[in-house]
Protein chains: 2
Amino acid sequence: MRLLPAGSIDCVFADPPYNLQLRGELRRPDDSIVDGVDDDWDRFGDFAEYDRFTRAWLVEVRRLLRKDGTLWVIGSYHNIFRIGSMLQDLGYWILNDVIWRKSNPMPNFRGRRFTNAHETMIWAARGRDSRYRFNYQAMKALNDDVQMRSDWLLPLCTGPERLRNEHGLKLHPTQKPESLLHRVLLASTGVDDIVLDPFAGTGTTPAVARRLRRHFIGIERHPDYAEAAIGRVRRERPLPMDSVMTTTNRREVARVPFGSLVERGLLSAGTILTDRQRRVAATVAPDGSLVSGSVRGSIHKVGAALTNAPSCNGWTFWHFEEAGVLQPLDVLRTRSLETA
Amino acid sequence: MRLLPAGSIDCVFADPPYNLQLRGELRRPDDSIVDGVDDDWDRFGDFAEYDRFTRAWLVEVRRLLRKDGTLWVIGSYHNIFRIGSMLQDLGYWILNDVIWRKSNPMPNFRGRRFTNAHETMIWAARGRDSRYRFNYQAMKALNDDVQMRSDWLLPLCTGPERLRNEHGLKLHPTQKPESLLHRVLLASTGVDDIVLDPFAGTGTTPAVARRLRRHFIGIERHPDYAEAAIGRVRRERPLPMDSVMTTTNRREVARVPFGSLVERGLLSAGTILTDRQRRVAATVAPDGSLVSGSVRGSIHKVGAALTNAPSCNGWTFWHFEEAGVLQPLDVLRTRSLETA
DNA sequence: ACCACGCTTGAATCTTACA
DNA sequence: CTGTAAGATTCAAGCGTGG
């Protein structure tokens, strides 16, 4: 990471070691043994050591992120609180904590706790003043046209997606499902963005990034994981360009001044605008302002004034008559883009 | 809290301030953060203040908890990471993080983030060696007879449950739903346990505790909230004793030695027992031991030996024939309790 | 082709009473 | 305190096999 230039990364997804502290073996009710995470890379002496490790990579990630970039970190209760605190201490700005609800978690075999059925992701901007990217409309479209919530129900990574070694055993103990990365990248990156995964493992992030036509950098120190990741990414094919274009955000639409619509003749000066119920009315002035009695100003200001509201979206409030039908101003904005 | 004796509390539920003013105080025009990582802590003096406050009450709660007691804390991403870290630093032992999924959350009006549709609870024992209480069977019964997961779907506190002042405005900004406390107390306390809520607000914890026949101590410094809480608790009536008794854990059921069943004639010496598939068999000896060839011992040991298993629950492994049907030994244990 | 059934498995801080 | 024995404990999916 130290070799990469500052401010060069749009989005980071990090799945760091969780610092699990397992004691002894765990057996299922049928006496088979649970294949838990006992790898060296997940062993830390104490919280202080884990905190030093965490701080080091979070500082470095922050150096690499451009000002408006965002970071995703996934973890469990063993480590996520330490990570969240440190994010705040380092000046990151938490945007959401997102819960990955597992549809098929491992049960609690001893009946001593609630089934550990979720993991937590933190989504944070580099700083409080970041103008971060959030593809609101794409998320809404992905969720049957209602806002995407902070809890996501997704299955574990199993079946053919799970990478296995020559003995048929899982290659990596904690391979994340591609569906999770799909949603993460769709929510917070755009085509050709640069995505970094500092704990790339078997390459889920790079693979999904390539599929979605994002650029990617994956870092992994374990040779077996890295090798598997490289092969996996090579096998992955970018989706056709038109299929990775998602519903665009309103705010991504190039801003169109109302005046320019008048200027370009999409709406004539003198046209009378009304609200949908035709309760108030105003006239379009040649400079793109509206006039209604003694009130004059932008489409938003006049709309607010006439309804005694603190604010008003003039694009959806004001309507004009066309072929006997009331149309919101917004349709003109769309037309102006099509004819630009 | 300083007036209460050490080790006097079975369970604490805490809904501390979420540190919302912190966000206001952190609103700075200049966010030019130095990547030098050693001197940034004092820039977050407000976090430090919140941490001092948090540490103080968590230390005091730990003094009050008996060794096997547990603590619940609820929070959002603004404060829960700081609380979780501090719990770990203070020696608490996290058992679960539990997600309260709100069925009716407030939407995100600006469309700049995911709908914040959950809050996080941490359930922790006083220490790593706590033999904490978890009413596993009661939770399972509450969840259609499958294990209760770490994500709970419950509605916000609305309607008649929501306390309002004389102007019809909500009395407390973050009144928690009684259903949440119902599940918390049912999971981790028993009848006549002592429950403490150090941030009692309008008394949801005391009210539900009283209803479920738990003793309670609520602390609240705001006079309006305290007054409302007192009235609310007074109006609350404890449920009839038989309706607060829940499914009991098997571990709590009085232990019945297998030998006593033979002694009392519920099973004759000489009876032949088999496993459910009739693959192995053993004979009941008059002293309550089993014999199978050269193997002799308890129902558990012989079951384990004949199946080459490290352990075996003889009560569910061994069956006897009754009216042509194979019955597990466990049914005799139930009968013995009924006829005791 | 389809279904029933059994086997496997997944980031897990996973027992307790009594001698 | 330690050692020993009793005995409590699993859900959703995917996959393979055999009828």
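Residues numbered from 1 in each chain as written. Chains lettered and ligands numbered in written order. Predicted model: local features only at pLDDT ≥ 70, side-chain atom pairs only at ≥ 80, totals over all residues. Heavy atoms only, no water.

Visitor: Provide a residue-level description of the overall build of chain A, including the pertinent values.
Guide: When helices and strands are counted, chain A shows 11 helices and 13 strands. With respect to the three principal axes, the spread of C-alpha positions in chain A is 80 × 40 × 40 Å. Each of the 340 residues in chain A was classed as buried or not, and the buried ones make up 51%. For chain A, the exposed surface amounts to about 16200 Å²; the carbon and sulfur share of it is 51%. Of the side-chain charges in chain A, 48 are positive and 41 negative, and the distance between the mean point of each set is 4 Å. (Helix = DSSP H or I, 4+ residues; strand = E, 2+ residues; numbered from the N terminus. Buried < 20%, exposed > 50% of the residue type's maximum accessible area, 1.4 Å probe, protein only. Areas by Shrake-Rupley, 256 points an atom, 1.4 Å probe, with all protein chains shown as cover. Lys, Arg positive; Asp, Glu negative; His and termini not counted. Charge placed at Lys NZ, Arg CZ, Asp CG, Glu CD.)

Visitor: Residues and numbers for the protein's contact with DNA strand D, please.
Guide: In the vicinity of DNA strand D, 27 residues are found, and the nearest of them are Arg110 of chain A together with Tyr136, Lys140, His300 and Arg333 of chain B. Within 4 Å of the protein, the atoms of DNA strand D are drawn from sugar and phosphate moieties in a proportion of 65%. Tyrosine 136 of chain B is positioned such that a nitrogen or oxygen atom in its side chain is 2.5 Å from a phosphate oxygen of DNA strand D. Within the contact set of DNA strand D, a phosphate oxygen lies 2.7 Å away from a side-chain nitrogen or oxygen of glutamine 137 of chain B. Among the residues making up the surface near DNA strand D, the classes are represented as nine nonpolar, 11 polar and seven charged. (Near = heavy atom within 4 Å. Polar contact = N/O pair within 3.5 Å; in protein donor to acceptor, adjacent residues only side chain to side chain. Nonpolar A, V, L, I, M, F, W, Y, C, P; charged D, E, K, R; others polar.)

Visitor: I'd like a rundown of unusual backbone geometry, residues and numbers included.
Guide: Peptide bonds are mostly trans, and most non-glycine residues show a negative phi. Residue and element names in this part refer to chain A. Even without a glycine there, the phi angle at asparagine 19 is positive, about 60°. Of note, asparagine 19 is situated in the loop between β1 (9–14) and α1 (47–64). With relative accessibility at 4%, the residue asparagine 19 sits in the buried group. Of note, the phi angle at asparagine 308 is positive, near 55°, even though the residue is not glycine. Inspection of the secondary structure puts asparagine 308 in the loop between α9 (299–307) and α10 (314–317).

Visitor: Account for the relation of the copies chain B and chain A, naming residues and giving values.
Guide: Note that the two copies of the chain are related through a rotation about an axis and a translation along the same axis. When chain B is fitted to chain A, the best match, at an RMSD of 0.9 Å, comes from turning it 179° and sliding it 0.1 Å along the axis. Such a combination of rotation and displacement between the chain copies is what one expects of a two-fold axis. Among all residues of chain B, the one whose C-alpha sits closest to the rotation axis is phenylalanine 81 of chain B, at a distance of 2.3 Å. Comparing interface residues between copies, 84% of those in chain B also lie at the interface in chain A; the contact surface is shared. (Least-squares fit on C-alpha atoms with pLDDT ≥ 70 in both. Contact = heavy atoms within 4.5 Å.)

Visitor: Outline the protein's contact with DNA strand C, listing residues and values.
Guide: Residue and element names in this part refer to chain A. Lining the immediate environment of DNA strand C, one finds 39 residues, of which Gln21, Arg28, Tyr77, Met106 and Arg110 sit closest. Here, DNA strand C places atoms within 4 Å of the protein, and 47% of those atoms are sugar or phosphate. Proline 105 places a main-chain nitrogen or oxygen 2.8 Å from a base nitrogen of DNA strand C. Between a base oxygen of DNA strand C and a side-chain N or O atom of asparagine 108, the distance comes to 3.3 Å. Of the residues assigned to the surface near DNA strand C, the class counts are 17 nonpolar, eight polar and 14 charged.

Visitor: Give a detailed account of the domain arrangement of chain A, specifying residues and quantitative values.
Guide: Structurally, chain A comprises domain 1 (9–243) and domain 2 (258–339). The C-alpha-based centres of domain 1 of chain A and domain 2 of chain A are spaced at 46 Å. (Domains from an automatic or database assignment.)

Visitor: Would you mind going over the UniProt feature "domain: DNA methylase N-4/N-6" (unreviewed entry) in chain A in detail, with residue names and values included?
Guide: The residues that UniProt annotates with the feature "domain: DNA methylase N-4/N-6" (unreviewed entry) are residues 9–229 of chain A. As a span, residues 9–229 of chain A carries 28% helix and 21% strand, and end to end its C-alpha atoms are 20 Å apart. (UniProt positions renumbered as here; feature names shortened; annotations may be inferred.)

Visitor: Describe the side chain of arginine 113 of chain B, naming the residues involved and giving the relevant values.
Guide: Mapping arginine 113 of chain B onto the fold places it in the loop between β3 (93–102) and β4 (118–125). Nearest to the buried, unbridged arginine 113 of chain B among oppositely charged side chains is aspartate 97 of chain A, at 8.6 Å. Only 2.9 Å separates the side chain of arginine 113 of chain B from the side chain of tyrosine 77 of chain B, close enough to count as a polar contact. If sequence neighbours within four positions are ignored, arginine 113 of chain B has contacts with Trp93, Ile94, Leu95, Asn96, Trp123, Tyr132 and Phe134 of chain A together with Tyr77 and Asn108 of chain B. (Salt bridge = Lys/Arg side-chain N within 4 Å of Asp/Glu carboxyl O.)

Visitor: Provide a residue-level description of the interface of chain B and chain A, including the pertinent values.
Guide: Facing 62 residues of chain B, the contacting portion of chain A comprises 62 residues. Of the roughly 5800 Å² buried at the junction of chain B and chain A (both faces included), carbon and sulfur atoms supply 47%. When the area that chain B buries against chain A is broken down by residue, the three leading residues are Phe81, Arg112 and Phe114 of chain B, summing to 16%. Counting every contact that joins chain B to chain A gives four salt bridges. (Buried area = accessible area lost by both parts, 1.4 Å probe.)

Visitor: So what's going on with the pairing of strand β2 (residues 65–75) of chain B? Which residues, and what values?
Guide: Residue and element names in this part refer to chain B. Of all 11 residues that make up β2, nine are buried, and the element is covered over most of its length. Pairing of β2 with β4, which is carried by six bridges, proceeds in the antiparallel orientation. Each residue of the ladder has a partner; that of isoleucine 74, found in β4, is methionine 121. (Pairing = 2+ DSSP bridges.)

Visitor: Lay out the sheet that holds strand β1 (residues 9–14) of chain B with the relevant residues and their values.
Guide: Residues and elements named next belong to chain B. Taken in spatial order, the seven strands make up an open sheet running β5-β3-β4-β2-β1-β6-β7, and their pairing is mixed. Only two strands of the sheet have a single partner each, and these edge strands are β5 (151–154) and β7 (215–218). Put simply, the sheet's adjacent strands are angled 20° from each other on average, direction ignored. Examined bridge by bridge, β3 and β5 share four bridges and lie parallel to one another. Note that in β5 the partner of lysine 102 across the bridge is leucine 154. Most of the contacts of helix α5 (residues 178–188) go to β5, to which it runs at about 145°, and overall it touches β1, β2, β3, β4, β5 and β6 (194–197). (Axes fitted to C-alpha atoms, helices over the stretch in contact; angles between N-to-C directions.)

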